[in-house]
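Results of the structural survey
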Amino acid sequence: MGLYPETEPYDHGMLDVGDGNHVYWETCGNPRGKPALVLHGGPGSGCGPYFRRLFDPARYRIVLLDQRGCGRSTPHASEYGTDMSVNTTERLIGDLELLRRELGIGRWLVWGVSWGSVLGLRYAQTHRAAVSELVLTGVATGSDAEVGLLTRGLGQIFPEAFAEFLAGLPEDDREGNLAAACNRLLESADPEVRERAARAWTDWETAIVPAPPRSVERYEDPRFRMGFARTVTHYFGNDHFMETDAVLRDAPLLAGVPGTLVQGSLDLGNLTGVVWRLHHAWPGSELTIVDEVGHSIGPSGMVEALVAATDKYAGR
């Protein structure tokens, strides 16, 4: 069971969501099919055509969007003048509701990866009637423990890369919230300071996955690199604009919402135990662990598990 064939959007547009922001969206597959919403990671990664192939285009009406500040949405977070104060979890959830109503959708399956799983979970907890099912992978909840692991805890496993990351931060900021410290540099009026900070952040991001620093092609795009680093640190440095551990705390609210969690056994986010705790706190959820896979949806085992999940819910 592999990926479905490539498919092109049959409709797309720019949705005015307020605050001077316009969000890019597209729909693919069967216009009369089961609605499914795709939430990309990051925050700030943007959606891509690969995600479309995880759904049967004959049975699904697949909706993708670039969340505020990234991809084809405007204004882009890479632009210094973009107001990041209006880029918050609450506003992103509001954007999803605006899009749902714009497209005339009653309920939709919500699919999310990494940060998209955080957003999808919080959306389902606050707008339960709009969500028919959840399929989540690279599972995260946006907790303090997860941010602490990704920004400091993994420094014990990748000490050389961590030392290089710390060296790029002001000495007085190296003991506090590292994402917030990096974000302050990314908000500097000096473009050289901003560029060094963006590179430092993406070097650290690539150092903590099975690839050497600067090996990820998208990080070599200056516009993507700046927008991504600015958005991620904006969220990481502000507790994802949620109450501490809100997603795990409110997991019981998902009772009655079918959900499948697909997680790689080597995903370093597992070190916090968050996916297991979420699964046990969410009545009726299913957890599939794919062996020898990290924080990625590309390996064949992940593809098979994710397609099996969307296929299962297609006729529901």
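Everything below is about the structure printed above this text.
Residues numbered from 1 in each chain as written. Predicted model: local features only at pLDDT ≥ 70, side-chain atom pairs only at ≥ 80, totals over all residues. Heavy atoms only, no water.

In this section: the overall build of the chain. If you tally the helices and strands in the chain, you get ten helices and eight strands. Scaling as 2.2 N^0.38, a compact globule of 316 residues should have a C-alpha radius of gyration of about 20 Å, and the chain matches this with 19 Å. Considered along the principal axes of its C-alpha atoms, the chain spans approximately 55 × 40 × 35 Å. Residues classed as buried in the chain amount to 57% of the 316 residues present. Within the chain, contacts between residues separated by at least 24 positions form 72% of all contacts whose residues are at least 6 apart in sequence. (Helix = DSSP H or I, 4+ residues; strand = E, 2+ residues; numbered from the N terminus. Rg over C-alpha atoms; globule rule 2.2 N^0.38 Å. Buried < 20%, exposed > 50% of the residue type's maximum accessible area, 1.4 Å probe, protein only. Contact = heavy atoms within 4.5 Å.)

Where side chains of opposite charge bring their charged atoms close, a pairing between them can arise. Scanning the entire structure with this criterion turns up 21 salt bridges. Between Arg230 and Glu187 there is a salt bridge; the shortest N-O distance is 2.8 Å. Of the two residues, Arg230 is situated in helix α7 (residues 222–236) and Glu187 in the loop between α5 (178–186) and α6 (191–207); the sequence distance between them amounts to 43 residues. Residue Glu187 is classed as partly exposed on the basis of its relative accessible area, which comes to 29%. Between Glu243 and Arg249 there is a salt bridge, and its shortest N-O distance comes to 2.9 Å. Within the structure, one salt-bridge network assembled from shared partners comprises Glu8, Glu26, Arg52, Asp66 and Arg72. (Salt bridge = Lys/Arg side-chain N within 4 Å of Asp/Glu carboxyl O.)

This next bit is on helix α4 (residues 159–167). Residues of α4 that are buried include every one of Ala161, Phe162, Phe165 and Leu166, and no others. What you see down the axis of α4 is that its buried residues fit within an arc of 135°, all on one side. Facing away from the buried side of α4 by over 90 degrees, the exposed positions are Pro159, Glu160, Glu164 and Ala167. (Arc of directions from axis to C-beta.)

Turning to helix α9 (residues 274–281), a few remarks are in order. Residues of α9 that are buried: Val274, Val275 and Leu278. Down the axis of α9, the buried side of the element spans an arc of 95°, and every buried residue falls inside it.

Quick look at the sheet that holds strand β5 (residues 108–113) now. Spatial strand order, β1-β2-β4-β3-β5-β6-β7-β8: eight strands in an open sheet with mixed pairing. Each end of this open sheet is capped by a strand with a single partner; those strands are β1 (11–18) and β8 (285–290). For this sheet, the mean inter-axis angle between neighbouring strands, taken without regard to orientation, is 20°. When strand β3 (residues 34–39) meets β5, the two strands line up parallel, connected through four bridges. Considered in β5, the bridge of Val38 is made with Trp111. (Pairing = 2+ DSSP bridges. Axes fitted to C-alpha atoms, helices over the stretch in contact; angles between N-to-C directions.)

Assignment of secondary structure puts Ser73 in the loop between β4 (60–65) and α1 (89–102). Here Tyr24 takes part through its backbone nitrogen, which lies 2.9 Å from a polar atom of the side chain of Ser73. If sequence neighbours within four positions are ignored, Ser73 has contacts with Met14, His22, Val23, Tyr24, Asp66 and Gln67. (Polar contact = N/O pair within 3.5 Å; in protein donor to acceptor, adjacent residues only side chain to side chain.)

Glancing now at the pairing of β3. Taken across its six residues, β3 has six buried, putting it largely inside the fold. With burial as the criterion, each face of β3 is covered, one bearing Lys34, Ala36 and Val38 and the other bearing Pro35, Leu37 and Leu39. Strand direction decides the pairing type here: β3 and β4, joined by five bridges, are parallel. The residue bridging Leu37 from the neighbouring strand is Val63, located in β4.

It is worth spelling out the packing of aromatic side chains at this point. Applying the stated criterion across every chain yields a total of eleven aromatic pairs. Aromatic pair Trp115 and Tyr235: ring centres 5.0 Å apart, planes at 55°, arrangement tilted. Residue Trp115 is located in helix α2 (residues 115–126), and its partner Tyr235 is located in helix α7; the two are separated by 120 residues in the primary sequence. The pair formed by Trp115 and Tyr235 is uniform in burial state, with each residue classed as buried. Judged by centre distance (5.5 Å) and plane angle (40°), the ring pair of Tyr219 and Phe228 falls under tilted. With a relative accessible area of 2%, Phe228 lands in the buried category. Members of the aromatic cluster, joined through ring pairs, are Phe162, Phe165, Trp201, Trp204 and Phe236. (Phe/Tyr/Trp six-rings, centres within 6.5 Å; stacked < 30°, edge-to-face > 60°.)

Attention shifts here to the packing of α4 against α6. Packed helices, taken two at a time, are described by the angle between their axes plus the distance between the axes. Remark: α4 packs on α6, axes separated minimally by 9 Å, with the N-to-C direction vectors making an angle of 165°. Relative to α6, α4 is oriented roughly antiparallel. Two packed elements cross with a definite hand, and for α4 against α6 that hand is left-handed. Packed against α4, whose contacting residues are Ala161, Phe162 and Phe165, the element α6 presents Ala200, Trp201, Trp204 and Ala207 at the interface. (Parallel < 35°, antiparallel > 145°, perpendicular 65-115°, else oblique. Left-handed = near helix turned anticlockwise from the far one by under 90°.)

Disulfides are covalent bonds that link the sulfur atoms of two cysteine residues. One pass over the structure, following the stated rule, counts zero disulfides. Of the cysteine sulfurs around Cys47, a residue in no disulfide, the closest is that of Cys70, at 7.9 Å. You can call Cys47 buried: its relative accessible area is 12%. (Disulfide = S-S within 2.5 Å.)

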